[in-house]
Amino acid sequence: MVTTDPTESVPDLGAVRNSMRTIKDTTGYRVFRYVNTAFLLLICVITLYPFVNLVAKAFSSEGYIAAGEVNLFPRGFNTTTFSAVMSDDMFWLNYRNTVVYTVVATLIAMALTTTFAYALSKKDLKGRSVFVGITVFTMFFSGGLIPNYLLISSLGMKNSIWAIVIPNAISVFNLLIMKSFFENFPAELEEAAAIDGLSTYGVFGRIVLPLSKAVLATMVLFYAVSFWNSWFQAFLYMDRSELYPVTMYLRNLLAAATSVEDMGSDSVQIASNVQAVTMVLTVLPIVCFYPFIQRFFVSGVMLGSVKG
Amino acid sequence: MSTEGTLTEANSSGLDTIAPPIKTRRGRSRHSRTTWREALKKDWRLYTFLALPVLFLAIFRYVPMAGNIIAFRRFQPGGSLFGEYWVGFYYFEQFWNDPTFWRVFTNTLILGALSLVVVFPLPIILALLLNEVRTRTFKRAVQTITYLPHFMSIVIVAGIVLQLTSLDGTINQIISAVGGEPVSFMQDPSWFRTIYVSSEVWQTVGWGTILYLAALTTIDDQLYEAARIDGANRWQQTWHITLPGIRPTMIVLLILNIGSFLAVGFEKILLLYNPLLYPTADVISTYLFRVGINSGSYSYSTAIGLFEAIIGLTLVMSANAISRRVVGSSLW
Amino acid sequence: MNESPTPLSRRTMLRGALFTAAAVPFGIGLAACDTGEVDGSGGGDESVDTSDKMVGAMEDYDVGTTFVATEALTFDMLYRDHPNYPYKADWSFITHVTEDNNVSFNFTSVPLSDFDERRSLLIAAGDAPTIITQAYAGTLDQFVPSGTLLPVSKYVEHMPNYLAKVEAWGLQADLDLTRQIDGEYYVLPGLLESAKPTYTVAIRDDLWKAAGFDADPATFDEFRDQLRAVKEANPDLDYVLSDRWSTGGPMEATLSAAAPNFGVRAGWGFGDGTVWTGSAYEFTGAMDGYRQMLELFASLVDEGLMDPESITQDDDAAIQKFTNSKSACIGSNDQEILTYRTNLADAGNADAVVRQIIVPAGPAGSFVDNTRFESGIALSSKAAEQDNFVALLQFLDWLFYSDEGLEFAKWGVDGETFTTGSDGARELMPDIDINGLNPGAPKMLNTDFGYHNGVFMPAHGSTQDLLDSMLRDEVAEFRAKMNEKEPFDVGPGFLLNELDLEQVALQQTALKDAVYQATAAFILGQRSFDDWDAYVGDLEAAGMSNYLEKFNSSLRDA
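In this text, all values refer to a predicted model and were calculated from it rather than measured experimentally.

Undergrad: How should I be thinking about the overall build of chain C in this particular structure?
TA: On a plain count of helices and strands, chain C comes out with 20 helices and 16 strands. At 24 Å, chain C has a C-alpha radius of gyration in line with the 24 Å of a compact globule built from 558 residues. With respect to the principal axes defined by its C-alpha atoms, chain C has extents near 70 × 60 × 55 Å. Split into buried and exposed, the 558 residues of chain C put 63% on the buried side. The long-range share in chain C, meaning contacts at least 24 apart out of those at least 6 apart in sequence, stands at 76%.

Undergrad: Quick question: what am I supposed to make of the interface of chain A and chain B here?
TA: Across the boundary between the two partners, chain A contributes 104 residues, which contact 97 residues of chain B. Across the chain A/chain B interface, buried area totals approximately 9,300 Å², and carbon plus sulfur atoms make up 73% of it. It is Asp124(A), Lys126(A) and Phe140(A) that lose the most area in chain A upon contact with chain B, and together they represent 8% of the buried surface on that side. Put simply, chain A and chain B have zero salt bridges between them. There are eleven residue pairs in polar contact (both at pLDDT 80 or more) connecting chain A and chain B. Considering every element that reaches the side of chain A that touches chain B, the biggest residue donor is helix 2 (residues 27–58) of chain A, with 16 residues.

Undergrad: Help me understand helix 19 (residues 532–541) of chain C in this model?
TA: An α-helical turn contains 3.6 residues, so any two residues separated by three or four positions project in the same direction. Residues and elements named next belong to chain C. Every buried residue of helix 19 is accounted for by Trp532, Tyr535, Val536 and Leu539. Relative to the axis of helix 19, the buried residues are bounded by an arc of 100 degrees and lie together on one face. Relative to its buried face, helix 19 has exposed residues pointing more than 90 degrees away, namely Asp533 and Ala541. Buried residues in helix 19 make contact with strand 7 (281–283), helix 10 (288–302), helix 18 (498–524) and helix 20 (544–552).

Undergrad: Honestly, the sheet that holds strand 5 (residues 200–204) of chain C in this entry has me stumped. Any pointers?
TA: Residue and element names in this part refer to chain C. Reading across the sheet, the three strands line up as 8-5-9 and stay open at both edges, with antiparallel pairing between neighbours. The outermost strands of the open sheet, each flanked by one partner alone, are strand 8 (329–332) and strand 9 (354–356). Strand-to-strand twist across the sheet, computed as the mean angle between neighbouring axes with direction ignored, equals 30 degrees. Summarising the sheet, strand 5 and strand 9 pair through three bridges and their orientation is antiparallel. When the bridges of strand 9 are listed, Arg204 appears paired with Val354.

Undergrad: Is there a simple way to think about the state of the cysteines in this case?
TA: Put plainly, a disulfide is one covalent bond tying together the sulfur atoms of two cysteines. This structure, assessed with the given rule, holds zero disulfides over all chains. No disulfide involves Cys288(A); its sulfur sits 18 Å from that of Cys44(A), the nearest cysteine.

Undergrad: Mind showing me how you'd approach the interface of chain C and chain B here?
TA: Note: interface size is frequently given as the accessible area lost on complex formation between the parts. Chain C puts 44 residues into the contact, and the matching count from chain B is 46 residues. Buried surface at the junction of chain C and chain B, both sides included, amounts to about 3,700 Å², of which 55% is carbon and sulfur. A per-residue breakdown of the area chain C buries against chain B is headed by Gln142(C), Glu502(C) and Leu506(C), which together make up 17% of the total. Summed over the shared surface of chain C and chain B, the number is three salt bridges. One salt bridge connects Arg290(B) with Asp513(C), and the closest N-O pair in it is separated by 2.5 Å. Viewed at the interface, chain B and chain C are joined by twelve residue pairs in polar contact (both at pLDDT 80 or more). Elements supplying a minimum of two residues to the side of chain C that touches chain B: helix 1 (11–23), helix 3 (115–124), helix 4 (137–140) and helix 18 of chain C. The leading source of residues in the side of chain C that touches chain B is helix 18 of chain C, at 14 residues.

Cut-offs applied
Residues numbered from 1 in each chain as written. Chains lettered and ligands numbered in written order. Predicted model: local features only at pLDDT ≥ 70, side-chain atom pairs only at ≥ 80, totals over all residues. Heavy atoms only, no water. Helix = DSSP H or I, 4+ residues; strand = E, 2+ residues; numbered from the N terminus. Rg over C-alpha atoms; globule rule 2.2 N^0.38 Å. Buried < 20%, exposed > 50% of the residue type's maximum accessible area, 1.4 Å probe, protein only. Contact = heavy atoms within 4.5 Å. Buried area = accessible area lost by both parts, 1.4 Å probe. Salt bridge = Lys/Arg side-chain N within 4 Å of Asp/Glu carboxyl O. Polar contact = N/O pair within 3.5 Å; in protein donor to acceptor, adjacent residues only side chain to side chain. Arc of directions from axis to C-beta. Pairing = 2+ DSSP bridges. Axes fitted to C-alpha atoms, helices over the stretch in contact; angles between N-to-C directions. Disulfide = S-S within 2.5 Å.

Here it is in structure tokens:
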């Protein structure tokens, strides 16, 4: 760790430096910080309000929702929809599915994407531009629904976890971002490690990855969220409701609430309430998960270890 | 950049690859004369990293691409995957000569471009603002709250927008309160773009900051220290250290977004629009949706899809080339 | 990082699409095959040899026989999983079918939420199960050319109950209108003895009575008068009518119900926009009747009687206004009216009485769109290769078309789930509920037993008797009165080949867009009716004549 010991630095800046090191900001900057805080608070309110409104609706009764009287607080507080949903075994089964799918898919995706990105980040690699080219090409050209369906079907992947975790394993978007990060990773660190005798795998695993925690954490978040929210793959390839992820379950529930088919009876969930409940149930886990990711957003690359 | 074994290995080419970092990082590959055998021998580990992903791409991306042939052959749903007989450019001509298509194409371009121009810089600014927050809990709280809209289902967001813009919705209430006439926003085509872009901003700004915040952590703190010592104020520090520090991320995202700007949000527009708004709100995907309800014209939509794809690819390649020339870094 | 961006998440449009398909008279002949003689009627009923496909079939199956497979059979079926009654393998329905009919199912389960898309995908990819349920003739025509669907009309001789009902209810002519270019039809529709007109307007009866009106308005002009009076008597109403169901276009439900009375088609009933005028097909958007209809609604907006936002607002906003008594009239069907009543009660409004009115007559007379086909069954062409093919047909015939099967699918088993009184009236067992017939009962007929399941009961019983058996009186009355109106003439129908069909689809979109935009503009008063000719000129420019020409030159032979 490198420290700046003021006594070692150029002495004639002493006074100026001291004033700066006492972290006394200029007035201008202080004003800015207050304005900044206020502005950020405003943004929070704007983004949070609809959410609070939604949570309120999730616990309100239909009459009040239909009359548009639910604002920040639930009116006619009840947990009917919640209990109806959570007492359904299928809901938990599907929830478990989602967790499994998300974890497996994220693992596979991260494994493939990071290794691929690392390899591609080496500008000396022969054929590199070809590889990047064929990757970028797939961002624009895709086969369309039916060819993909037939492919997965003929590979025998239908009705299995593989239909969900494999087809979207590499997101070119994420790949290119990661590649960019690796390209800007200080080469000196890698070289130093190489000189110390590490192979490529070693450099990758022991030096690059641990120091790229912020990026990796971000990518894990992106992938995990994307897999968590996805229902399309399951919708295409799963023929049985036990295999659905919970997003499919909730989407279906919402469709039932707005469908014209069945006649009024107590067990029919009411539309706007179901929407709100669905949202809350889907978002909650992510909101809980995010703080874990945030922890990784503070570490930085320790350049100091390579001085000289 | 890999080296095999240790320095004791009598492999002179291995030593040679420890080239000065700066030069090889910025330039193109200087080893274009290396043959494949040499490359494989030197970098075989890197190539192992490539093997599975490339296989993945080949199977799951390139194989289905053959299905695009139905843009040139007539496809009968339920029939052969590759269509029944050649029709050449029939479908391309069909949309080329269709005035409605050009109208929706223009709308797509405009909406996409507007989204790009407005939505792109905002997460950066927000990330920078967040970076100035000293209290960690506040910073984290703001982060978490601002990305929440990203998770709102589009149905709900559309509902919120419709509610806000209705004649007795919040926006009109504010307008009346300051003495203006209520505006029927959702019945006037000239407002749609504003409404759409605003809702996009609201939904994506928070989520977009995550990546930039991650990028910010890679900037060496020492640079800030040094700058401060040299007398730079916060603004100058931001301009000279922070921004260049996240520039690679910005470039990548910009290029990627340019490439995908034609993919304007289908579901949101579908939920927000109505026939009165078609002149500005109707985009390619919503148009195809209306066309396709009963006719299942896969060939037609594939032809349009290819057209869009070519445009996107060209845009990305141009953006990439420009970026390389102007800024020095690029996607590839 | 992105979801597949295909335009397939049509959940919100499903209702619209469903109703387009249902309300569209099969005058939309549509599609098909190559070449061949255009034989629009009769054709193709010659016997096909099926003697080698009799595994499990009954030799003496006829009307009145209960189908019992001579061997245990399993059929592949597309099953639409509805969250209100998620599939259970031990359902009474399933066990009875296995035990009594010797048939079991192999389901391909598709969620309700995107059922149409998945079904289309399965068929388009050639991967559809043998029995395709929830099939509407209109939506499946696109699959005919590839031969992936079975020309089921060739085999109906094995379905005596179906044929009997078609004959008894006079549906052969309607059925013939669904024949494709090859003379065959591909969908076995759910049959209805009488039509089920469903959409209309619900009014606050208490306000109407207070203004002095006891009876339904006989004509739209009278309706307008009533609205005026109600508005005068209740000045704190924002608007008398604030409509809903405008997601796909302006007031689609209401216009769809009103249009036949003006001699045109609109809203959900727009379809391909063709209207038979007795001698040729004309385009609804350009007709005088359409103008008259628009003039009526424009006058409502002009006089402040109808909320201009009806054209574009989402359903929740409209319902809110009705619940808060800011409006007194809203589009409705027999389900939504229950919701309105509950909402008003919850909002504390005990005096409010809501009822539906019969759709008034218009200048063209008193008409109703009375399609008598519901969603039905289509078969994959692979079915004809199975050796239990005939048994399959017989089973489907029994379950979907025989009186016994229809009752079984809707009510269950006599003695188990319901009892029959001496007067023939059926009553559910006291511990079973459906549709609010036994409120508070612990079990549900569909959720717990599997009966009254939308997949097996698409037509809700088909026969008038069964249909009425579970209906609330007000609904039964409503339908009966609506059916007193004259049926709207759909004309002889037409047959187009596939390429024409594709082009028609494109033109149709352009024309419909123009009509919808103009509809909104005219109703809102953004466009004056002096402009009408200019508007028709726009339609011409969008290719209206050419479009009509395609239809008029390919009429079916009567």
